[in-house]
Amino acid sequence: MDFYDIIIVGGGAAGFFTAINAAENNPDLKILILERGKEVLTKVRVSGGGRCNVTHAEFIPAELVKKYPRGEKELRGPFHKFMTGDTIAWFGERGIELKTEEDGRMFPVTDSSHTIIDCFTRECKRLNIKVQTGHSLKKFKRPDDLWVLETNSGSFQARNLMLATGSNTKIWNLLEKMGHSIVPAVPSLFTFNIKDERIKDLAGIASDAEVKILNENLESSGPLLITHWGMSGPAILKLSAWGARELNELNYNFKIGVNWLPGYSEMEILEVLKEMKFSNSKQLVAKRAQLDLPKRLWQSNVSASKIKPDSKWADLNKEQLIQLSQQLTSAVFEIKGKSTFKEEFVTAGGIDLKEVDFKTFESKLHKNLYFAGEILDIDAITGGFNFQNAWTGGFLAAKAMS
């Protein structure tokens, strides 16, 4: 039976980051990464549309934790020890420069996730970290001072065991048998399916909006993207993350209110429209977009307000002005189901956070058992924040194990 100082189950972002940091802390350690699939770092490969959203340009721990619907309180301490600036420096020391986009997301300047994958695999070779694929964990136990692992392809012993297996229900089931509590997993970060004439031909249009889920205390704001199947973009994804459990209970059938003019109320816009009725009296209402809205979105709102294409501003009656102000600030859309956001599948759920020591990411129930990444009941509003959780957990666990 092969012996290792550290065995990491899960060949993803958290697993590789943990292994590399542990080996750098103590080059004498014998470290093994076990991955059940044929390839490692598959989620890194597809993240950010194949560009890898490494982290997010938020450098204040108290602000960064607000991006985590689950894990906000627990990550506050860890982020004071390793967060965004440390991540940027870590990759920089290995020759990988990151760039910041307008929305704060950070990517390698190469715009390729292979840059990150190549970095991890190169570092593993340099540090003599062994990586074995095709190893599915069947069971593990700690009869004495060592962990004993059985996979479908062999048996191993380890002084320290790290589980970085993401939302793998099989591993969660094994942990439950060992006394850990598992918060049931539900999808997070998904888009809304909508069939509505108002957005039927508007795929590809993006506009800032305020969105709220009717009859629930859930709302968000930001860019909203209209798609062929409904709505996406940061405003929708944030809602899906914060409302992951509530929306699951509603079986993804609910209604949302959309304000295409953030910061303005229906009454305020009605007054603006009344002024336009006089100042633009001879112009066709639908011809020229108003209020900085995309032209097709403006025309859709005009049409939904029962205003004919050949109507001039002077022709509008009070009821039409009220209807238009309502469509612009409080349009109601019915959601019928969800779609996964690109190939990035994130879940809310996992190991109960009360059972983890967040100074080291060690289990409070079992000595020398560590966790990092999405195996924990931690998730964030976009991929970059989820990666930052993986980097932070991996860094602190590596420090404790080495």
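First, a word on what this report is: a plain description of the structure on this page. Treat the numbers as computed from the prediction; the structure is a model and nothing was measured.

About the cut-offs
- Residues numbered from 1 in each chain as written.
- Predicted model: local features only at pLDDT ≥ 70, side-chain atom pairs only at ≥ 80, totals over all residues.
- Heavy atoms only, no water.
- Helix = DSSP H or I, 4+ residues; strand = E, 2+ residues; numbered from the N terminus.
- Buried < 20%, exposed > 50% of the residue type's maximum accessible area, 1.4 Å probe, protein only.
- Contact = heavy atoms within 4.5 Å.
- Expected span 1.5 Å × (residues − 1).
- Arc of directions from axis to C-beta.
- Phe/Tyr/Trp six-rings, centres within 6.5 Å; stacked < 30°, edge-to-face > 60°.
- Lys NZ or Arg CZ within 6 Å of the ring centre and 35° of its normal.
- Pairing = 2+ DSSP bridges.
- Right-handed = clockwise from strand over helix to strand, strands pointing away.
- Salt bridge = Lys/Arg side-chain N within 4 Å of Asp/Glu carboxyl O.
- Polar contact = N/O pair within 3.5 Å; in protein donor to acceptor, adjacent residues only side chain to side chain.
- Axes fitted to C-alpha atoms, helices over the stretch in contact; angles between N-to-C directions.
- Parallel < 35°, antiparallel > 145°, perpendicular 65-115°, else oblique.
- Left-handed = near helix turned anticlockwise from the far one by under 90°.
- Core = buried A, V, L, I, M, F, W, Y, C linked by side-chain atoms within 4.5 Å.

1. Considering the overall build of the protein
Turning to step 1, where the next piece is worked out: A count of helices and strands for the protein gives 13 helices and 21 strands.
Turning to step 2, where the next piece is worked out: For the protein, the spread of C-alpha atoms along the three principal axes comes to 85 × 45 × 35 Å.
Turning to step 3, where the next piece is worked out: Within the protein, the proportion of its 402 residues that are buried is 55%.
Turning to step 4, where the next piece is worked out: The long-range fraction of contacts in the protein, counting pairs at least 24 apart against all pairs at least 6 apart in sequence, stands at 74%.

2. Considerations on helix 10 (residues 266–279)
Turning to step 1, where the next piece is worked out: Over its 14 residues, helix 10 extends 20 Å from the first C-alpha to the last, a length consistent with the 20 Å expected when each residue adds 1.5 Å.
Turning to step 2, where the next piece is worked out: When we look at burial in helix 10, the residues that qualify are I269, L270, L273, M276 and K277. Along the axis of helix 10, the buried positions cluster into a sector of 115°, meaning they face one direction only. Those residues of helix 10 that are exposed and angled more than 90 degrees off the buried face are M267, E275, F278 and S279.
Turning to step 3, where the next piece is worked out: Packed against the buried residues of helix 10 are helix 11 (295–304) and helix 12 (318–330).

3. Regarding the packing of aromatic side chains
Any two aromatic rings considered together are summarised by their centre-to-centre distance and by the angle between their planes.
Turning to step 1, where the next piece is worked out: With the rule as written, the count across this model stands at 20 aromatic pairs.
Turning to step 2, where the next piece is worked out: When the centroid spacing of 6.2 Å and the interplanar angle of 45° are considered together, the rings of F190 and F192 count as tilted. Accessibility assignment for this pair places F190 and F192 in one class, buried.
Turning to step 3, where the next piece is worked out: Connected via pairs of aromatic rings, a cluster forms that spans F16, F17, F82, W90, F91, F120, F387, W391 and F395.
Turning to step 4, where the next piece is worked out: Between the NZ or CZ atom of R51 and the centre of the ring of F107, over which it lies, the distance is 3.8 Å.
Turning to step 5, where the next piece is worked out: The ring of F333 is capped by R198, whose NZ or CZ atom sits 4.0 Å from the centre of that ring.

4. Regarding the pairing of strand 2 (residues 31–34)
Turning to step 1, where the next piece is worked out: Side chains I31 and I33 project from strand 2 onto one buried face, and the interleaved L32 and L34 project onto a second face that is buried too.
Turning to step 2, where the next piece is worked out: Looking at chain direction, strand 1 (residues 2–9) and strand 2 are connected through 4 bridges and run parallel. Its bridge partner being in strand 2, I7 is matched across the sheet by L32.
Turning to step 3, where the next piece is worked out: Viewed along the sheet, the connection from strand 1 through helix 1 (residues 13–25) into strand 2 turns out right-handed.

5. A look at the pattern of salt bridges
Turning to step 1, where the next piece is worked out: Counted under the stated rule, the structure contains 19 salt bridges.
Turning to step 2, where the next piece is worked out: Across the pair D111 and R51 runs a salt bridge whose closest N-O atoms are separated by 2.9 Å. You can see D111 sitting in the loop between strand 5 (105–108) and helix 6 (113–126) and its partner R51 sitting in the loop between helix 2 (42–50) and strand 3 (55–56), a full 60 residues away along the chain.
Turning to step 3, where the next piece is worked out: Note on D111: relative accessible area 31%, which makes it partly exposed.
Turning to step 4, where the next piece is worked out: E271 is the salt-bridge partner of K274, the closest N and O atoms lying 3.5 Å from each other.

6. Here's the deal with the environment of N389
Turning to step 1, where the next piece is worked out: Of note, N389 is situated in helix 13 (residues 383–401).
Turning to step 2, where the next piece is worked out: Sequence separation of N389 and F82 is 307 residues, and the distance between their C-alpha atoms is 9.7 Å.
Turning to step 3, where the next piece is worked out: Excluding anything up to four places from it in sequence, N389 contacts Y68, L75, G373 and I378.

7. What about the environment of T340?
Turning to step 1, where the next piece is worked out: Among the secondary structure elements, T340 is positioned in strand 17 (residues 338–340).
Turning to step 2, where the next piece is worked out: On the basis of relative accessible area, T340 is assigned to the partly exposed category, the value being 42%.
Turning to step 3, where the next piece is worked out: Sequence-wise, T340 and F192 are 148 residues apart; in three dimensions their C-alpha atoms are separated by 9.2 Å.

8. Some words on the side chain of T84
Turning to step 1, where the next piece is worked out: Mapping T84 onto the fold places it in helix 5 (residues 84–93).
Turning to step 2, where the next piece is worked out: With relative accessibility at 0%, the residue T84 sits in the buried group.
Turning to step 3, where the next piece is worked out: Within polar-contact distance, the side chain of T84 engages the backbone oxygen of E58 at 2.8 Å.
Turning to step 4, where the next piece is worked out: If we ignore the near neighbours within four places in the chain, the residues touching T84 are T55, H56, A57, E58, F59, L64, M106 and Q388.

9. What about the sheet that holds strand 4 (residues 98–100)?
Turning to step 1, where the next piece is worked out: Ordered in space as 3-5-4, the 3 strands form an open sheet in which the pairing is antiparallel. The open sheet has two edge strands, strand 3 and strand 4, and neither has a second partner.
Turning to step 2, where the next piece is worked out: Looking at chain direction, strand 4 and strand 5 are connected through 3 bridges and run antiparallel. What sits directly across from K99, in strand 5, is F107.

10. A short note on the packing of helix 10 against helix 12
Turning to step 1, where the next piece is worked out: Relative orientation of the contacting elements helix 10 and helix 12 amounts to 130°, with a least axis distance of 9 Å. Taken together, helix 10 and helix 12 sit at an angle that is classed as oblique. Regarding helix 10 and helix 12, the two cross each other, and that crossing is right-handed. Contacts between helix 10 and helix 12 involve E266, I269, L270, L273, K274 and K277 on the former and, on the latter, L321, I322, L324, S325, Q326, L328, T329 and S330.

11. Focus: the nonpolar core
Turning to step 1, where the next piece is worked out: I7, F120, F140, L163, L175 and L376 are the most contacted members of the largest nonpolar core, which totals 84 residues.
Turning to step 2, where the next piece is worked out: Apart from the residues within four sequence positions on either side, L376 is in contact with G349, G350, I351, L353, V356, F358, F361 and F371.
Turning to step 3, where the next piece is worked out: Residues I226, I269, L273 and I307 belong to the second largest nonpolar core, which totals 42 residues.

12. Some points on helix 5
Turning to step 1, where the next piece is worked out: Three or more residues of helix 5 are buried, namely T84, T87, W90 and F91. For helix 5, the angular spread of buried residues about the axis comes to 120°, placing them on one side.
Turning to step 2, where the next piece is worked out: Its buried side turned inward, helix 5 meets helix 1, strand 3, helix 3 (61–64), strand 5, helix 6 and helix 13.
Turning to step 3, where the next piece is worked out: G95, located one to two residues past helix 5, shows a positive phi value of around 80°.

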